There are 2 protein chains.
Amino acid sequence: MMNKADSDLIRRQNRHLVLEALRFAGRAPRVELGRLTGLSLATITSITAQLLNEGLLLEDNTVAPITTRRGRPSVDLSLNPSATHVIVLKISIGKFEMVLADYAGTRVAHQIKTVATYDMKIHDVGKKAASLILAFLSEHNKSPADVRIIGIAAQGAAETGVGHLMWSPAFKEVNIPLTEPISRLTGIYCRLSNDANMIAEGLMAREHYLYKGTAAVIFMGYGVGMGLVIDGKTYHGSTGAAAEFGHMNHIPHGAMCRCGMSGCIEAYASDYGILRTAQGLPVNTPPPLDAVEPEVMMALETSARQGDGAALGAYVKAGEAIGFGLARMIALLSPDRIIISGPGIRAFDLAEPAIAASIDEGVVTALRQNVKLEKLPMDHDMIITGTIDKLLHDLDREVFARAEPAA
Amino acid sequence: MMNKADSDLIRRQNRHLVLEALRFAGRAPRVELGRLTGLSLATITSITAQLLNEGLLLEDNTVAPITTRRGRPSVDLSLNPSATHVIVLKISIGKFEMVLADYAGTRVAHQIKTVATYDMKIHDVGKKAASLILAFLSEHNKSPADVRIIGIAAQGAAETGVGHLMWSPAFKEVNIPLTEPISRLTGIYCRLSNDANMIAEGLMAREHYLYKGTAAVIFMGYGVGMGLVIDGKTYHGSTGAAAEFGHMNHIPHGAMCRCGMSGCIEAYASDYGILRTAQGLPVNTPPPLDAVEPEVMMALETSARQGDGAALGAYVKAGEAIGFGLARMIALLSPDRIIISGPGIRAFDLAEPAIAASIDEGVVTALRQNVKLEKLPMDHDMIITGTIDKLLHDLDREVFARAEPAA
DNA sequence: ACAATTTATTTCGACACTTAAAATAATCTT
DNA sequence: AAGATTATTTTAAGTGTCGAAATAAATTGT
């Protein structure tokens with residue numbers, strides 16, 4: 001069903017609208033907010049007065065009005081950066097990266113810690129993360145009370161629901177509990193997401209008008225990941241670990257994958273898969289435990305460009321795996337856009353013809369023709385940017401859209 | 001973004017809630033509606049008075065209260081059957097089936113017309129359907145003004161957005177416009193959907209508490225179809241022709257499919273695909289144009305049960321195609337439930353071991369373990385039931401939730 | 001310098017909706 | 001027939017949005 005509606009709901013939704021408009025615009029006078037939200041100026045006055053009173057907004061006239069128009073000058077409102085803060089913890093192979101951002105989305109601190117992730121014991125991961133976060137905070141003279149939420153973006157299959165990391169290239173262990181211990185040890189509410197989903201989230205925050213429908217962000221690199229946006233919302237399956245594009249089967253009984261199965265797309269299109277093919281190793285050669293060094297992949301790319309047949313062939317095999325995977329996804333979901341990114345995007349041109357041919361081969365024209373396929377240069381930072389955006393949007397919707405009970 | 005909220009929105013949502021509760025309960029007194037919706041009795045009085053006044057509800061005390069409790073007896077309310085009507089047109093190979101149902105969901109008329117669908121010219125389909133509908137109505141002393149919406153459930157790929165049938169086993173032609181001509185010629189608003197989606201819709205209306213998340217209804221028969229429910233709503237892709245599970249590639253460069261591509265799941269798991277395998281015909285044998293007679297499939301099933309190796313092998317091949325397709329879908333979407341239905345369900349036991357083995361082979365345990373796989377006996381009527389449910393729900397939400405402007 | 005003009009914001013009065021509490025209705029019990 | 005009990009309606013208060021009117025704060029013109 002739905003929930004019943006009352007005047008609380010109206011206020012909540014309209015407050016949310018105002019916050020969203022301001023986050024989109026950065027700064028705007030009340031008239032502008034009226035235009036953006038469709039609300040009357042009277043309502044805008046009422047809502048912004050409340051938000052100012054609660055310390056979420058700031059009257060911001062630091063920038064002198066450039067225009068020399070007649071009439072009462074407008075006074076810009078903006079989100080109050082110090083209303084609260086969020087922390088992003090990005091977990092990847094061998095390192096923990098932390099970013100502290102204020103309520104306006106500006107990054108105020110940044111730290112990268114080298115951590116020997118692979119051999120960590122299952123319960124040390126959360127403990128280590130929590131202690132790094134607490135140290136990071138006190139280094140910047142902040143207390144846990146200043147931070148409203150921690151968002152973890154991790155490589156691998158993340159169960160957002162329970163906050164476990166089902167598996168990840170960064171760890172030998174599986175089913176690592178993250179949100180619970182980190183929440184408990186820091187006293188800060190904590191959420192876990194998959195890194196590719198966070199890229200999708202970041203793109204949406206930037207060009208949300210483009211994401212009315214369904215879009216998939218494919219992420220090629222050490223593994224093959226995907227962020228899936230359905231009807232404008234990132235999709236998590238029943239467990240929160242959906243959209244495992246990399247571990248969608250490509251060839252029954254095919255090449256050995258890091259996940260223990262055979263024939264996954266990743267076994268052909270990830271760094272290690274491409275390398276294995278290029279080296280002519282049998283498809284059941286176990287994948288290496290550590291990430292393939294970028295230099296190795298760059299060398300492979302170079303020799304492919306110089307005409308090395310084995311290297312070229314490996315990129316074609318990778319393209320076929322990606323292409324048929326996309327064809328299957330298109331048959332199933334018919335997305336509006338597919339965006340391919342990740343470190344592997346460097347060599348995209350080598351795989352692209354095979355990708356295109358495989359899509360043609362794998363799905364009828366009628367379904368394919370409406371899909372836009374784009375590539376996006378990799379930006380590691382986008383994972384963090386996307387996570388910040390998502391955390392702040394979540395806070396706006398779930399926390400700050402609710403009016404504080406009057407004193 | 002969202003839309004702004006005002007008091008209209010509240011009323012709309014709460015009216016919708018009352019209508020939904022009454023559709024769910026069939027008949028209920030006001031106190032009961034209060035409990036079901038969470039609204040106060042004062043509000044229920046106000047809303048039901050309005051709905052009674054608009055003719056959508058009926059005070060219904062035809063059934064004498066069985067209970068002999070003390071206190072003022074309650075008076076049941078129910079949906080007014082004659083408030084409006086809906087028509088379902090089910091299009092399948094060789095026949096058009098029409099059902100007229102009242103606002104309470106009761107069927108009041110039913111007609112099956114044999115139509116030589118396959119060779120119809122592209123613009124004759126809509127004309128034929130419209131004239132049959134008009135004749136059907138006048139036969140039952142109804143005028144188009146008594147009907148608020150026509151819902152078409154068609155086999156094949158339906159573009160709900162534009163109302164075209166992209167392709168269908170029933171027609172030689174492709175891209176057949178349906179909603180526009182039928183709407184124009186009958187004067188009744190018209191919508192097109194895929195038949196498997198309507199089964200999913202019917203299941204949801206009956207057990208909507210089971211469909212909070214993601215569920216897929218696979219439909220095996222002449223073709224292989226799918227209805228996909230994501231977050232409790234049937235999913236249509238960018239064009240409205242998503243969820244073409246049957247035409248998701250199974251084996252690159254594989255068996256020839258009716259859609260013109262090679263290696264689709266349907267090419268192995270549909271009636272004609274199974275038959276082709278059993279007969280030992282080469283995989284590039286073109287599929288027959290007409291539906292395979294049920295008797296032929298039943299004979300095949302019988303010989304498989306009697307130990308015919310070729311027949312058994314064909315069901316195994318079909319099971320592999322379905323199983324790997326499901327494995328791929330699970331990797332991508334991690335649904336809560338998968339339901340397999342359709343006429344092909346009769347021989348499900350012959351394919352089931354192969355389905356299970358292929359799912360095991362094709363997707364890691366961690367993703368698979370949360371998925372419930374069920375089979376559902378085929379009921380052709382469920383397509384019609386589901387369409388009626390969906391039409392009425394759509395009307396409740398889009399039309400009747402809005403209060404009529406006061407006279 | 002100051003009135004007129006222009007643009008932004010706030011205030012006011014009307015209206016819609018929900019709700020709790022009080023009032024009313026319609027039955028059964030004793 | 002009075003009292004008890006359950007269902008429904010009415011009433012009064014509270015919250016929210018909106019259009020119109022009022023107010024604020026600038027520029028322009030003289």
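Caption draft 1: Inspection of the nonpolar core at higher detail. One finds A:Phe245, A:Leu326, B:Phe245 and B:Leu326 to be the most contacted residues of the largest nonpolar core, which totals 130 residues. Residues within four places of A:Phe245 in sequence aside, it is in contact with A:Ile218, A:Val224, A:Met226, A:Ile265, A:Ile322, A:Gly325, A:Leu326 and B:Leu332.

Caption draft 2: Representation of unusual backbone geometry within the structure. Not every positive phi belongs to a glycine, and A:Ser334 is a case in point at roughly 45°. Within the fold, A:Ser334 resides in the loop between α10 (309–333) and β15 (337–341). The backbone of B:His253 shows a phi angle near 55°, a positive value even though the residue is not glycine. On the secondary structure map, B:His253 appears in the loop between β14 (233–234) and α7 (266–269).

Caption draft 3: Expanded view of the sheet that holds strand β1 (residues 27–28) of chain B. Residue and element names in this part refer to chain B. Taking strand neighbours across the sheet as the criterion, the three strands line up as β1-β3-β2 in an open arrangement whose pairing is antiparallel. Where the open sheet ends on each side, the last strands, each with one partner, are β1 and β2 (57–59). Note: β2 against strand β3 (residues 77–79), three bridges, orientation antiparallel. Across the sheet, residue Leu58 finds its bridge partner in β3, namely Ser78. Seen against the sheet, helix α1 (residues 7–25) touches β1, β2 and β3 and runs at an angle of roughly 90° to β3. Sitting on the sheet, helix α3 (residues 41–53) touches β2 and β3, and the angle it makes with β2 is about 100°.

Caption draft 4: Representation of helix α2 (residues 30–37) of chain A. All names here are of chain A. Those residues of α2 that fall on the buried side of the exposure criterion are Leu33, Gly34 and Thr37. Down the axis of α2, the sector holding all buried residues measures 105°, keeping them to one side. Packed against the buried residues of α2 are α1 (7–25), β1 (27–28), α3 (41–53) and β3 (77–79). Where α2 ends, the next residue or the one after it, Gly38, has phi of about 85°, a positive value.

Caption draft 5: Inspection of the protein's contact with DNA strand C at higher detail. Near DNA strand C, the surroundings consist of 27 residues, among which A:Arg70, A:Gly71, A:Arg72, B:Asn14 and B:Arg70 are the closest. In the model, a phosphate oxygen of DNA strand C is placed 3.1 Å from a nitrogen or oxygen of the B:Arg11 side chain. In the environment of DNA strand C, a phosphate oxygen lies 3.0 Å from a nitrogen or oxygen atom belonging to the side chain of B:Ser40. Secondary structure elements with two or more residues in the surface near DNA strand C: α2 and α3 of chain A together with α1 and α3 of chain B. Sort the elements by how many residues they give to the surface near DNA strand C and α1(B) lands first, with four residues. For the surface near DNA strand C, the per-class residue count stands at nine nonpolar, nine polar and nine charged.

Caption draft 6: Molecular detail of the domain arrangement of chain A. Here the domain parsing of chain A yields domain 1 (7–79), domain 2 (83–199 + 383–399) and domain 3 (211–378). A C-alpha centroid distance of 44 Å is found between domain 1 of chain A and domain 3 of chain A.

Caption draft 7: Seen up close, the side chain of B:Ser303. Residue and element names in this part refer to chain B. When you line up the elements, Ser303 lands in helix α9 (residues 294–305). A distance of 3.0 Å separates a polar side-chain atom of Ser303 from the backbone oxygen of Leu300. The residues touching Ser303, leaving out its near neighbours within four places in the chain, are Asp308 and Ala311.

Caption draft 8: Examining the interface of chain A and chain B more closely. Listed per partner, the contact involves 62 residues of chain A and 62 residues of chain B. With both sides pooled, the region where chain A packs onto chain B buries about 5,400 Å², and carbon together with sulfur makes up 65% of that total. The tally of links from chain A across to chain B stands at zero salt bridges. For the pair chain A and chain B, the interface holds 18 residue pairs in polar contact (both at pLDDT 80 or more). Those elements giving two or more residues to the side of chain A that touches chain B turn out to be α1, β9 (164–167), β13 (224–230), α10, α11 (348–362) and α12 (365–368) of chain A. Broken down by element, the side of chain A that touches chain B gets its largest block of residues, nine residues, from α1(A).

Caption draft 9: A look at the relation of the copies chain A and chain B. Each copy of the sequence occupies a distinct position, and chain A is placed on chain B by a rotation of 180° and an axial shift of 0.1 Å, giving an RMSD of 0.1 Å. With respect to symmetry, the two chain copies, as superposed, fit the operation of a two-fold axis.

Caption draft 10: Seen up close, the sheet that holds β1(A). Residue and element names in this part refer to chain A. In spatial order, the strands read β1-β3-β2; together these three strands make up an open sheet with antiparallel pairing. The open sheet terminates on both sides in strands that have one partner only, identified here as β1 and β2 (57–59). On top of the sheet, α1 reaches β1, β2 and β3; it is set at about 90° to β3, its chief contact. The sheet contacts of α3 involve β2 and β3, and relative to β2 the element is tilted by about 100°.

Caption draft 11: Focus on the packing of helix α9 (residues 294–305) of chain A against α10(A). All names here are of chain A. Remark: α9 packs on α10, axes separated minimally by 7 Å, with the N-to-C direction vectors making an angle of 110°. Overall, the two elements α9 and α10 adopt an arrangement that is roughly perpendicular. Facing α9, whose interface residues are Met297, Leu300, Glu301, Ser303 and Ala304, α10 presents Ala311, Leu312 and Tyr315. Per-class residue counts for the contact of α9 with α10 are six nonpolar, one polar and one charged.

Caption draft 12: Broad picture of the state of the cysteines. For the coordinates displayed, the defined rule picks out zero disulfides over all chains. Not part of a disulfide, A:Cys259 finds its nearest cysteine sulfur in A:Cys257, a span of 3.7 Å.

Reading the values: rules and limits
Residues numbered from 1 in each chain as written. Chains lettered and ligands numbered in written order. Predicted model: local features only at pLDDT ≥ 70, side-chain atom pairs only at ≥ 80, totals over all residues. Heavy atoms only, no water. Core = buried A, V, L, I, M, F, W, Y, C linked by side-chain atoms within 4.5 Å. Buried < 20%, exposed > 50% of the residue type's maximum accessible area, 1.4 Å probe, protein only. Contact = heavy atoms within 4.5 Å. Helix = DSSP H or I, 4+ residues; strand = E, 2+ residues; numbered from the N terminus. Pairing = 2+ DSSP bridges. Axes fitted to C-alpha atoms, helices over the stretch in contact; angles between N-to-C directions. Arc of directions from axis to C-beta. Near = heavy atom within 4 Å. Polar contact = N/O pair within 3.5 Å; in protein donor to acceptor, adjacent residues only side chain to side chain. Nonpolar A, V, L, I, M, F, W, Y, C, P; charged D, E, K, R; others polar. Domains from an automatic or database assignment. Buried area = accessible area lost by both parts, 1.4 Å probe. Salt bridge = Lys/Arg side-chain N within 4 Å of Asp/Glu carboxyl O. Least-squares fit on C-alpha atoms with pLDDT ≥ 70 in both. Parallel < 35°, antiparallel > 145°, perpendicular 65-115°, else oblique. Disulfide = S-S within 2.5 Å.

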